[in-house]
Amino acid sequence: MTAARTSSPADRPQPGLRERKKIKTREAIRTATYALIREQGYDATTIDQIAERAEVSPSTVFRYFPTKEDIVLTDEYDPVLLEELRARPADEPWPESIRYVMREAVRTGVEEDAEVARLRTHLMVQVPAVRSRMMESMSVTGRMLCTAIAERTGRDPDSLEVRVYAMSLIGGLMETSLYWAEKGHQDDFVTLVDRTLSVLEHGLPKENP
């Protein structure tokens, strides 16, 4: 089998000036939000405060993020995840492709900003509105995953089997995030994701890990 890897940022087409400005604005809004939440908590943080800290207007915040929950949860990884799945070797078994890409996505997310990763998952546990919005968001991610599975396997993306598999994976990853936060982020998140993928692939183990 050809040695496989995920593409590096340098391998991907670089965004144009307009898109770079959008990314910079989104990052400024997110950074302001995380800082305010650390300082005063989620409920006390308002859109007006976020806008002031990010040096944009409240309407700009809403243009990029429809709700405060979206600011906390939205990232740039979903399109990249789909792209990476498409880039895996055609002869690689599907479970191996999923495991490789998910591990790399999780490792990248945590390594780039472990504090933000812990804050986001903590809010998922502590704030019902964030957890509810995460479920909606992951449903969209699941639909994208259906497309990737269909492309790889030749199945109908709207078939029951593809939808069940994709949403089982998405649900498993969400529960893994909640478990990680509930246990005080003491475990290695990549290892937890590996355990999740093993359960989805093989079923419950005979003994507790």
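Described in the following lines is the structure provided in the data block. Residue numbers restart at each chain and count upward from 1, following the sequence in its written direction. It should be noted that, the model being predicted, local features are given only for residues of pLDDT at least 70 and side-chain atom pairs only at 80 or more, the latter also being counted only at that level, while totals for whole chains, interfaces and linings use all residues. The side-chain numbers reported here are obtained from all heavy atoms of the structure, hydrogens and water having been left aside.

Brief notes about the packing of aromatic side chains
Piece 1. Any two of the Phe, Tyr and Trp rings considered here, Trp counted by its six-membered ring, make a pair once their centres fall within 6.5 Å; the pair's planes then place it as stacked at under 30 degrees, edge-to-face at over 60, or tilted in between. Tallied over the full model, the rule gives one aromatic pair.
Piece 2. Summarising the aromatic geometry, the rings of tryptophan 180 and phenylalanine 189 are spaced 4.5 Å apart at their centres and angled 15° between planes, so their arrangement reads as stacked. As far as burial versus exposure is concerned, tryptophan 180 and phenylalanine 189 are alike and both buried.
Piece 3. Here, a charge over a ring means that NZ of Lys or CZ of Arg falls within 6 Å of the ring centre while also lying within 35 degrees of the ring normal. Its end group placed over the ring of tyrosine 42, lysine 68 keeps NZ or CZ at 4.2 Å from the ring centre. Relative accessible area decides the class of each residue, using a 1.4 Å probe on protein chains only: under 20% of the type maximum gives buried, over 50% gives exposed, and in between gives partly exposed.

Concerning the nonpolar core
Piece 1. Among the nonpolar cores identified, the biggest contains 39 residues, and Ile98, Met102, Leu123 and Leu145 are the most heavily contacted of them.
Piece 2. Contributions of two or more residues to this core are made by helix H1 (17–40), helix H4 (68–73), helix H5 (77–87), helix H6 (94–112), helix H7 (114–126), helix H8 (128–153), helix H9 (160–182) and helix H10 (189–202).
Piece 3. Considering each element in turn, this core owes the most residues, eight residues, to H9.
Piece 4. Residue contacts follow a heavy-atom distance rule, with two residues in contact if any of their heavy atoms lie within 4.5 Å. The contact partners of leucine 123, leaving out residues within four places of it in the chain, are Ile37, Tyr42, Val72 and Val130. Here, nonpolar core means buried Ala, Val, Leu, Ile, Met, Phe, Trp, Tyr and Cys residues that are tied together by side-chain atoms lying within 4.5 Å of each other. Under the scheme used here, helices are H or I runs from DSSP no shorter than 4 residues and strands are E runs no shorter than 2 residues, and both carry numbers assigned from the N terminus.

Notes on the side chain of aspartate 194
Piece 1. You can see aspartate 194 is positioned in helix H10.
Piece 2. Overall, aspartate 194 belongs to the buried group, its relative accessible area being 19%.
Piece 3. Sequence-distant contacts of aspartate 194, defined by excluding residues within four places in its chain, comprise Arg99 and Arg103.

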